[in-house]
Amino acid sequence: MTTSEKGSVFPNRREYRTGAVLFALMVAVSLTLILRLWGIDLRSMSHPEIYVPGIDLVSGISEPPPRHNLAETIWWHFHDEPHPMGWYVSMLGWTKAFGTSHFALRFPSVLFAVGSIPLVFLIARSIFGSTVGCLAALLLSLHGFHVFWSQMARMYVAGAFLSLLATWLLLCLVRTREPRPGFEIAYVASVIAGVLTVELFWPLIMIHAFWAALVLPRLKVDGLRFHQRIGLRQAPRLLQVQAFAFILSAPALTHAVYRARKGAAPDPSFDFLVEYFSFGFLFAKDDFAVPLLQIEPIWTWLVLGFALLLLAASLKAPKREAPVMRAQQKIPVWVLVSAAVCLACFMFWLGSIAHRRNEALMAMSVLPFLALLIPVLGNIWGDVVPRLPSNTLHYPQERTLLLWLIAVVSPLILFAASYKASILAPRAFLLFVPFLLILCAAGAVWLSQRHRVRVALICLCMVVFAASIPYTAGKPGSPNDYQGIAEAVRPEMKDGDLVFLRDRNWVDTPLFYYINDAQFIVADYGAALRRNPDARVWLLTWPDVGQSAINDVRREALQNYELTLKLERLRASAELFEPDTGH
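Parameters and conventions
Residues numbered from 1 in each chain as written. Predicted model: local features only at pLDDT ≥ 70, side-chain atom pairs only at ≥ 80, totals over all residues. Heavy atoms only, no water. Helix = DSSP H or I, 4+ residues; strand = E, 2+ residues; numbered from the N terminus. Buried < 20%, exposed > 50% of the residue type's maximum accessible area, 1.4 Å probe, protein only. Contact = heavy atoms within 4.5 Å. Areas by Shrake-Rupley, 256 points an atom, 1.4 Å probe, with all protein chains shown as cover. Disulfide = S-S within 2.5 Å. Patch = residues over 30% accessible without salt bridge, like charges linked within 9 Å, V, L, I, M, F, W, Y side chains within 5 Å. Salt bridge = Lys/Arg side-chain N within 4 Å of Asp/Glu carboxyl O. Lys, Arg positive; Asp, Glu negative; His and termini not counted. Charge placed at Lys NZ, Arg CZ, Asp CG, Glu CD. Pairing = 2+ DSSP bridges. Axes fitted to C-alpha atoms, helices over the stretch in contact; angles between N-to-C directions. Expected span 1.5 Å × (residues − 1). Bend = angle between axes of the 7 residues up to and from the residue. Phe/Tyr/Trp six-rings, centres within 6.5 Å; stacked < 30°, edge-to-face > 60°. Lys NZ or Arg CZ within 6 Å of the ring centre and 35° of its normal.

Secondary structure assignment for the protein yields 25 helices and 5 strands. Counting only residues that meet the buried cut, the protein has 54% of its 583 residues in that class. Sequence separation of 24 or more characterises 79% of the internal contacts of the protein that already satisfy a separation of 6 or more. Summing over all exposed atoms, the protein offers an accessible surface of approximately 26,500 Å²; the carbon and sulfur share of this is 62%.

On to the state of the cysteines. Applying the stated criterion to the full structure yields 0 disulfides. In this structure Cys459 is not part of a disulfide, and its nearest cysteine sulfur, from Cys461, lies 9.3 Å away.

Right, let's talk about a positive patch on the surface for a bit. Residues Arg17, Arg125, Arg175, Arg180 and Arg320 make up a contiguous surface patch of positive charge. Mapped onto the fold, Arg320 is located in the loop between helix H14 (297–313) and helix H15 (333–353). Among the residues examined, Arg320 registers a relative accessible area of 40% and is labelled partly exposed.

Further remarks concern the pattern of salt bridges. One pass over the full model with this rule turns up 9 salt bridges. Between Asp517 and Arg490 there is a salt bridge whose closest N-O contact spans 3.0 Å. Of this pair, Asp517 sits in the loop between helix H23 (511–514) and strand S2 (519–521) while Arg490 sits in the loop between helix H22 (482–489) and strand S1 (498–500), and the two are 27 residues apart along the sequence. For Arg502, the salt bridge goes to Asp508, with nearest N and O atoms at 2.9 Å. Note on Arg502: relative accessible area 27%, which makes it partly exposed. For Asp508, a relative accessible area of 1% puts it in the buried group.

Moving on to the sheet that holds strand S3 (residues 537–541). Across a sheet, paired strands are connected by hydrogen bonds in the backbone, their directions being either parallel or antiparallel. Strand order in the open sheet formed by 5 strands is S2-S1-S3-S5-S4, and the pairing between neighbours is mixed. The sheet terminates laterally at S2 and strand S4 (561–569), the two strands that pair on one side only. Across the sheet, the mean angle separating the axes of adjacent strands is 25° when strand polarity is ignored. Here S3 runs beside strand S5 (residues 572–579); their pairing, made up of 5 bridges, is antiparallel. Within S5, the position partnered with Trp538 by the bridge is Leu576. Against the sheet, H22 contacts S3, S4 and S5, and its axis sits at roughly 135° relative to S4.

Attention shifts here to helix H5 (residues 102–128). Its 27 residues give H5 an end-to-end C-alpha distance of 39 Å, which sits within 8% of 39 Å, the value for a rise of 1.5 Å per residue. The sharpest bend along H5 reaches about 30° and sits at Pro108. Here H5 lies mainly inside the structure; 19 of its 27 residues are buried. Positioned one or two residues after H5, Gly129 has a phi angle of 115°, which is positive.

Attention now moves to the packing of aromatic side chains. Going through the model one piece at a time under the given rule, you end up with 28 aromatic pairs. With a centroid separation of 5.1 Å and 45° between ring planes, the pair formed by Phe78 and Tyr258 is classed as tilted. With Phe78 in helix H3 (residues 70–80) and Tyr258 in helix H12 (residues 237–258), this pair connects stretches of sequence that are 180 residues apart. The two residues Phe78 and Tyr258 agree in class, both being buried. Here the aromatic cluster, defined as three or more aromatic residues joined through ring pairs, consists of Phe145, Phe148, Trp149, Tyr156, Phe272, Tyr276, Phe277, Phe281, Phe415, Tyr419, Phe429 and Phe432. Against the face of Phe183 rests Arg180, its NZ or CZ located 4.0 Å from the ring centre. Taking the ring centre of Phe148 as reference, the NZ or CZ of Lys475 above it sits at 5.6 Å.

Here is the structure:
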């Protein structure tokens, strides 16, 4: 048989490798989809999920109120919701198209989770190669904490997807000598979408700008004075693109400051760092589960030690060579300045219509002009700070530096900042988790040059991550089982029954998702009883574990009624009172 004939019968090594990579990605995508769809509608709706527009709540007594059109959605979320409104506005269109069932509300998170898999692979492959890319994708697909939040109608998995998308586009833009408007527009759009989805997207894009200024090739322009060399006209095109993205994103900061509040997240503690660096909250403690969901201390330290070992080993992982380019064509200065003026006026108007902090918000309209300093500062860095020699810091290491800045430095800075601001919510740090997994995957692949040891480490990673799936399954979606108590009450309810709740209380509101056609009483309970002397009354409360009952004015109004039925679920109680005929 000739060589050509052999080649036609037996695929070459590259074809085998391509087939293996595609197979691994198909497995990762399939696992991502299966694990996130399995049981997606079993957990009760939580009170944050109720903030999605389009849900039929009870007008006048629920918090939040029902929002069924774009105008009332934007108005209410700007004035009353602390989270960025981009997720909610987009979910309004989703609920109008697909409804508000458990599955419909939570399925967008599944889609973003599936979309994250190829992005993790592409970023990891561009730096460490396909083997690390495949392992990183598989680890994310099996990440129990990521699975949990992929089954919730929240914005955090979407934020993680957008962080990956923006970072991949950034890596693409530093490798091109000619302008690529399509990629630039996509990068700007991903940044805007990111800051309108999660608050912690701002540190990510600040890292992007810092890293770009650090790694872009220096351009010496002879014959120009210092102030000319650092001007907008001489700035690298990528820094101009980033400035443009900052300018268009600036109004999101107005809303963040407007709705900023203290106590929105737990106080900083060392346990938070332990859980983050243990593969990104892979076995995070859950205080809402009964009994308390947590692994034994010995396993906590073993998982942390394993993760830190892989993280340190990633420093030794070989990196793929790739050139850094600096596009010569610039964005016209008038485009950047015009955008800054328009957005500054818009932010000034937003500050004027706010219900409070008007002066501070209107002062923030200077931010679009400050964004113009990004290219200037980058130019100053390039002109004043000499570039390190290539044998000390060359491009493959610089790409790894980007991962370390996002996955390690940013969380540490935010942890330090949490002593002044409430930002330490583990779910919000999902933004950084995929980058941490890429570094750990690189460490697992390159910790040992011995093939058997390498295979054993990869298998151990897979086993540890797979173990997080059943662990996470024990987490309740909500501290209170609204779904369970509603399903128990529904068969027992009769026409004419009264339901005692509180007025505009966000803890009570998720019940309206399951029961919104009853006769709710939220004030003047005694007067309601006198108007309906023969009516049965349901008292719904949310006692904590170990708390027998909640006593308030509602129970006082029912002191002459007889308790005939009591139903209980996780931190949920429904008591049926009937008129006491003996009085």
